Amino acid sequence: MQRAYQGRNRSTAIFLLLLAVFTLVVTLLSEGVGIGMVSTSFVKTLGKTLCLALVAISMDLVWGYAGILSLGHFAFFGLGGYMIGMWLMYERTREIVVTSLADAPIPPTAQEVSDAVANQIFGVVGTAEFPLIWTFADSLFAQLLLVVLVPGILAGVFGWLAFRSRVAGVYLSILTQAMTLALSLYLFQNDNGLRGNNGLSGLQNIPGLTEVPQALVSVWFFWGAAFALAAGYLLSVWVVSGKFGSVLRGIRDDEARVRFLGYPVEAYKLVLFAGTACLAGIAGALYYPQAGIINPAELAPIASIYLAVWVAIGGRGRLYGAVIGAGFVSLVSSWFTGGQAPDVPLGFYTIKWVDWWLVVLGLSFVLVTLFAPKGIGGLFDLLERRIAPDRHGADLGPDQGALREKEASE
């Protein structure tokens, strides 16, 4: 246990160092504050990738450490984006309305400004009134709280109903996917207060910073995503390194035995499920202002399946593996689907990677599952075995690092 703890500490320090170096290099090469070798659009892509790495960590905690294959965590990610998007769209629209009415002969009242803002936002869905869920849209502090509370409460209610009924395994995965599908279908409706299929747009225009170039804003969000990833990684390491993490691994390996030992299994699952939903919401709140738009398609069940694929390819049960998987697949996906990968003419057929990327991703998932179940992160295990000293004989103690028989005689 002590050796494993020291290994986690070493990998954490290496991860934070690499993240700091990566952040510094991108900053120095950016158009906003650096020499301009990295475009603003690519800085945004990298910032979004860091956000995806953070939500992958939340997925790894529930799946890799507790054995709960959730196919709904990207829904929590999207809810975080919707919560911050409401404030961004409201405040930006209010600024436009106030500016347009500034030269009016009679200054507009607060109610007139509010009505004009509502008409601008909801006119596209045939209404001109603020729904109840937009009550706190004018308060940044309130919406930041909702970024955490809404995903956390939804996950808490769902988890309480599912875990107290002892739903587990594939049945729980199906339930989480059904929850995601229901939420996505609800958001597609025009009368739900979130503009239906139109979603929330213009999120890249930060209120009060309209004069600041996007090149600089993108760097700020990149810094925020890097800080959130570092903080989330440290928090996750702390969680899995203590008694709580040991119980989670016990639940994953033998839930019945952990329950027999007197641990409240359902409570552990519920706390983890709700906590990781909050973490996913924070990642979404940082992602969508960089993307500029969010709509119900972002919450479709396929997105949560992609999330599971990222973690599996990176190596579940390893926090750095989740980061590697999300970063690798996200950037490769951007390359293939962005039209940058050259087509492959075969004479009778031309392979266009925009159409074939999902096939490649699915095939990669199958191959990793069959031949490399530890994912890309498993390569680091091979490296550690080469670096680690050669051990001889059976353990003389319960820990992996205990003295061994042949070593004691040498």
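About the cut-offs
Residues numbered from 1 in each chain as written. Predicted model: local features only at pLDDT ≥ 70, side-chain atom pairs only at ≥ 80, totals over all residues. Heavy atoms only, no water. Helix = DSSP H or I, 4+ residues; strand = E, 2+ residues; numbered from the N terminus. Rg over C-alpha atoms; globule rule 2.2 N^0.38 Å. Buried < 20%, exposed > 50% of the residue type's maximum accessible area, 1.4 Å probe, protein only. Areas by Shrake-Rupley, 256 points an atom, 1.4 Å probe, with all protein chains shown as cover. Lys, Arg positive; Asp, Glu negative; His and termini not counted. Charge placed at Lys NZ, Arg CZ, Asp CG, Glu CD. Axes fitted to C-alpha atoms, helices over the stretch in contact; angles between N-to-C directions. Parallel < 35°, antiparallel > 145°, perpendicular 65-115°, else oblique. Left-handed = near helix turned anticlockwise from the far one by under 90°. Contact = heavy atoms within 4.5 Å. Nonpolar A, V, L, I, M, F, W, Y, C, P; charged D, E, K, R; others polar. Disulfide = S-S within 2.5 Å. Salt bridge = Lys/Arg side-chain N within 4 Å of Asp/Glu carboxyl O. Polar contact = N/O pair within 3.5 Å; in protein donor to acceptor, adjacent residues only side chain to side chain. Expected span 1.5 Å × (residues − 1). Phe/Tyr/Trp six-rings, centres within 6.5 Å; stacked < 30°, edge-to-face > 60°. Lys NZ or Arg CZ within 6 Å of the ring centre and 35° of its normal. Patch = residues over 30% accessible without salt bridge, like charges linked within 9 Å, V, L, I, M, F, W, Y side chains within 5 Å.

Undergrad: Help me understand the overall build of the chain in this model?
TA: In terms of helices and strands, the chain carries 14 helices and four strands. Taken against the 2.2 N^0.38 rule, which gives 22 Å for 410 residues, the C-alpha radius of gyration of the chain at 24 Å falls within 12% of a compact globule. Counting only C-alpha atoms and orienting by the principal axes, one finds that the chain spans roughly 95 × 55 × 45 Å. In the chain, buried positions account for 45% of the 410 residues. Accessible surface computed for the chain: about 20700 Å², of which carbon and sulfur atoms make up 66%. Computed over 25 positive and 26 negative side-chain charges, the separation of the two mean positions in the chain equals 11 Å.

Undergrad: Can you help me understand the packing of helix α3 (residues 73-100) against helix α10 (residues 301-314) in this one?
TA: Packed helix pairs are specified by the crossing angle of their axes together with the interaxial distance, meaning the distance between the axes. Where α3 contacts α10, the two axes come as close as 7 Å, and the packing angle between them is 115°. Here α10 runs roughly perpendicular to α3, going by the angle between their axes. The two elements α3 and α10 meet at a crossing, and its hand is right-handed. Contacts between α3 and α10 pair H73, F74 and A75 from the former with A303, S304, L307 and W310 from the latter. Partitioning the contact of α3 with α10 into residue classes produces five nonpolar, two polar and no charged.

Undergrad: What's the story with the state of the cysteines in this structure? I'm lost.
TA: Joining two cysteines, a disulfide is a covalent bond between their sulfur atoms. One pass over the structure, following the stated rule, counts zero disulfides. Summary of cysteine pairing: C51 is not part of a disulfide, and the nearest cysteine sulfur, belonging to C278, is at 17 Å. C51 sits in the buried class, given a relative accessible area of 2%.

Undergrad: When you look at the side chain of R249 in this model, what are you seeing that I'm missing?
TA: Position of R249 relative to the elements: it lies in helix α8 (residues 243-260). No salt bridge forms around the buried R249; measuring N to O, its nearest opposite-charge neighbour D253 is 6.8 Å away. Within the local environment of R249, its side chain forms a polar contact with the backbone oxygen of V240, the two atoms lying 2.9 Å apart.

Undergrad: Help me out: how do you make sense of α3 in this one?
TA: Turn by turn, an α-helix covers 3.6 residues, leaving residues three or four places apart pointing in a common direction. With 28 residues, α3 ought to run about 40 Å at 1.5 Å a step, and its terminal C-alpha atoms sit 41 Å apart, in line with that. In terms of burial, α3 is a largely internal element, 21 of the 28 residues being buried.

Undergrad: Where do I start with the packing of α3 against helix α9 (residues 265-291) in this structure?
TA: Relative orientation of the contacting elements α3 and α9 amounts to 50°, with a least axis distance of 6 Å. When the interaxial angle is binned, α3 and α9 end up oblique. Remark: the crossing between α3 and α9 carries right-handed chirality. Within the contact between the two elements, α3 uses H73, F74, F76, F77, G78, G80, G81, I84 and L88 and α9 uses F273, T276, A277, A280, G281, A283, G284, A285, Y287, Y288 and P289. Looking at the contact of α3 with α9, its residues break down into 13 nonpolar, seven polar and no charged.

Undergrad: Help me understand the packing of aromatic side chains, please; the structure alone is not making it clear to me.
TA: Ring pairs (aromatic) are described by centroid distance and by the angle formed between their planes. Evaluated as defined, the whole model comprises 16 aromatic pairs. Seen from their ring centres, Y287 and Y288 are 4.9 Å apart, and the 75° between their planes marks the pair as edge-to-face. Judged by relative accessible area, which is 16%, Y287 ranks as buried. Classification of Y288 by relative accessible area gives buried; the value is 0%. When the ring centre of W160 is taken as origin, the NZ or CZ atom of R164, which lies over that ring, is 4.4 Å away.

Undergrad: Help me out: how do you make sense of a nonpolar patch on the surface in this one?
TA: A contiguous nonpolar surface patch, about 740 Å² in accessible area, is contributed by F141, L145, L149, I153, V157, W160 and L161. Along the chain, L161 turns up in helix α5 (residues 140-164). Owing to a relative accessible area of 49%, L161 belongs among the partly exposed residues under this scheme.

Undergrad: In this structure, what is going on with α9? I would like to understand it.
TA: If you check α9, its first and last C-alpha atoms are 38 Å apart, about what 27 residues at 1.5 Å a residue would give, namely 39 Å. With 20 of its 27 residues buried, α9 lies for the most part within the structure. A positive backbone phi angle near 90° is found at G292, which sits one or two residues after α9.

Undergrad: So what exactly am I meant to see when it comes to the pattern of salt bridges here?
TA: Pairs may arise between side chains of opposite charge once their charged atoms sit close together. Taken as a whole and assessed by the stated rule, the structure comprises eight salt bridges. The partner of R166 in a salt bridge is E266, and the shortest N-O contact between them spans 3.6 Å. A residue pair is termed long-range when its members are at least 10 positions apart, and R166 in the loop between α5 and α6 (169-187) and E266 in helix α9 qualify at 100 residues. The partner of E255 in a salt bridge is R259, and the shortest N-O contact between them spans 3.0 Å. Remark: R259 and E255 occur in helix α8; sequence separation between them is four residues, near one turn of the helix. According to the relative accessible area criterion, E255 is partly exposed, its value standing at 22%. Within this structure, R166, E255, R259, E266 and K269 form a network of salt bridges that share partners.

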